[in-house]
Amino acid sequence: MTMETPFPQGAITRIYGQCMTLSGNDIDTDRIIPARFLKCISFQNLGDQVFLDDRNERKGSHPFDLVINKEASILVVNENFGCGSSREHAPQALMRWGIRAIIGQSFAEIFYGNCLALGIPCLTSTAITISRLQDEVQDNNQQIFELNIKEKFIKNENKQWELDIDPGPWQMLITGRWDATSQLISHEKELNTTMQRIPYLNNFSDY
């Protein structure tokens, strides 16, 4: 599902939506977005290609092809998700499909950082908690969950699961400091003042 929704901006403290599960450890970025799509000159259509080879193999039974998951915005995975090559196309593809947050047992470091730069929170929990959450999602895919980044939990109408996130990324998300572009725009006056003081940006005749 390719969603033309606004990209996140500012502080991210809560996300409401349906969950979907993707089971398996060590799901790498080569599977998330096959290498041939790295030649694209825009990220815009990557949502259509997310997990494309896996989806073709499973002929419609892959979680990203199931009708019950079409409105999902929170992805629940297992251990070492996003390992492999350090392609920023992987979180771009997930985001443009419609994923706004990922919960798992653990994440590859570079993938985690690439997600943070896009405002996609990645929270973790124990293997037992992740398994129980995945079971709950599978039992009723249509239920709405609240992912509370600030308080570090996810819940539905009946249950709550405690989550974890490193202090640095947590602070960046709840304060909006993850959004480098918006921070630059909000300081446009200061940037322009600084630029005026830099000789090589103003006195081209001297070079």
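Conventions we followed
- In this numbering scheme, every chain counts its residues from 1 along its sequence in written order.
- Local features are withheld for residues below a pLDDT of 70 in this predicted model, meaning they are given only at 70 or higher, and side-chain atom pairs are given and counted only at 80 or more; totals for whole chains, interfaces and linings count all residues.
- With hydrogens and water stripped out, all remaining heavy atoms of the structure feed into the side-chain values.
- The numbering of helices and of strands both runs from the N terminus, where a helix is a DSSP run of H or I of at least 4 residues and a strand a run of E of at least 2.
- Only protein chains enter the accessibility calculation, which uses a 1.4 Å probe. A residue is then buried if its area is under 20% of the maximum for its type, exposed if over 50%, and partly exposed in between.
- Should any heavy atoms of two residues lie within 4.5 Å, those residues are counted as being in contact.
- Here, nonpolar core means buried Ala, Val, Leu, Ile, Met, Phe, Trp, Tyr and Cys residues that are tied together by side-chain atoms lying within 4.5 Å of each other.
- A carboxyl oxygen of Asp or Glu within 4 Å of a side-chain nitrogen of Lys or Arg is what we treat as a salt bridge.
- Polar contact is the term for a pair of N or O atoms within 3.5 Å; when the atoms are in protein, one must be able to donate a hydrogen and the other to accept it, and sequence-neighboring residues count only if both atoms are side-chain atoms.
- Note on ring pairs: Phe, Tyr and Trp rings are taken, using the six-membered ring of Trp, and paired if centres are within 6.5 Å. Classes follow the plane angle, with under 30 degrees stacked, over 60 edge-to-face and the rest tilted.
- The rule is short: NZ of Lys or CZ of Arg within 6 Å of the ring centre and within 35 degrees of the ring normal puts a charge over the ring.
- When DSSP finds at least two bridges between two strands, those strands are taken to pair.
- With strands facing away from the observer, any crossover in which the path from the first strand over the helix to the second runs clockwise is taken as right-handed.
- Arc definition: directions from the helix axis to the C-beta atoms.

### Brief notes about the overall build of the chain
Thinking step 1. Across its full length, the chain carries 8 helices and 7 strands.
Thinking step 2. Within the chain, the fraction of its 207 residues that count as buried is 44%.
Thinking step 3. Restricting to contacts in the chain with at least 6 residues of sequence separation, those with at least 24 account for 70%.

### Here's the deal with the nonpolar core
Thinking step 1. One finds Phe81, Leu94 and Ile102 to be the most contacted residues of the largest nonpolar core, which totals 54 residues.
Thinking step 2. Top element by residues in this core is helix α3 (residues 89-97). It accounts for 5 residues.
Thinking step 3. Setting aside its immediate chain neighbours within four residues, leucine 94 contacts Ile32, Val50, Phe51, Phe64, Leu75, Phe81, Ile99, Ile102 and Phe111.

### Things to note about the pattern of salt bridges
Thinking step 1. In total, this model carries 7 salt bridges according to the counting rule given.
Thinking step 2. Among the ionic pairs, arginine 14 bridges to glutamate 146, the shortest N-O distance being 3.1 Å. Placement of arginine 14 in strand β1 (residues 14-21) and of glutamate 146 in strand β5 (residues 145-148) is noted, with a sequence separation of 132 residues between them.
Thinking step 3. Accessibility expressed as a relative area gives 12% for glutamate 146, which makes it buried.
Thinking step 4. One salt-bridge network, in which partners are shared between bridges, spans Arg14, Glu146 and Lys155.

### Examining the side chain of arginine 87
Thinking step 1. Among the secondary structure elements, arginine 87 is positioned in the loop between β2 (72-76) and α3.
Thinking step 2. Of the polar contacts made by the side chain of arginine 87, one reaches the side chain of aspartate 30; its length is 2.5 Å.
Thinking step 3. In this structure the side chain of arginine 87 is engaged in a polar contact, spanning 2.7 Å, whose partner is the backbone oxygen of isoleucine 33.

### Describing the environment of isoleucine 103
Thinking step 1. Note that isoleucine 103 resides in strand β3 (residues 101-104).
Thinking step 2. Given the relative accessible area of 0%, isoleucine 103 is considered buried.
Thinking step 3. Residues isoleucine 103 and serine 125, 22 residues apart in the sequence, show an inter-C-alpha distance of 7.7 Å.
Thinking step 4. Not counting the four nearest positions on each side in its chain, isoleucine 103 is found in contact with Ile74, Leu75, Val76, Val77, Leu123, Ile130, Leu133, Leu147, Ile154 and Leu163.

### Concerning the packing of aromatic side chains
Thinking step 1. Counted under the stated rule, the structure contains 6 aromatic pairs.
Thinking step 2. Ring centres 5.2 Å apart and planes at 35° place the aromatic pair phenylalanine 51 and phenylalanine 64 in the tilted group. Here phenylalanine 64 lies in the loop between α2 (52-58) and β2 and phenylalanine 51 lies in the loop between α1 (29-32) and α2, a separation of 13 residues in the sequence.
Thinking step 3. Note on phenylalanine 51: relative accessible area 1%, which makes it buried.
Thinking step 4. One aromatic cluster in this structure is built from Phe81, Phe107, Phe111 and Tyr112.
Thinking step 5. Lysine 152 extends its terminal NZ or CZ atom over the ring of tryptophan 170, reaching a point 4.9 Å from the ring centre.

### With respect to the pairing of β3
Thinking step 1. Judged by which residues are buried, β3 turns out to be covered on both faces: Ala101 and Ile103 on one side and Ile102 and Gly104 on the other are all buried.
Thinking step 2. As judged from the 3 bridges shared by β2 and β3, these two strands associate in the parallel manner. Across the sheet, valine 76 pairs through a bridge with isoleucine 103, a residue of β3.
Thinking step 3. Handedness of the crossover joining β2 and β3 through α3: right-handed.
Thinking step 4. Read from β3 through helix α4 (residues 109-117) to strand β4 (residues 122-124), the crossover connection turns out right-handed.

### With respect to helix α6 (residues 167-175)
Thinking step 1. Listed in full, the buried residues belonging to α6 are Pro169, Trp170, Leu173 and Ile174. Projection of α6 onto a plane perpendicular to its axis shows the buried side chains occupying an angular sector of 120°, all on one side.
Thinking step 2. Where α6 is buried, its residues contact α4.
Thinking step 3. Positive phi appears at glycine 176, one or two residues downstream of α6, with a value of about 90°.

Read these as geometric descriptors, not functional statements.
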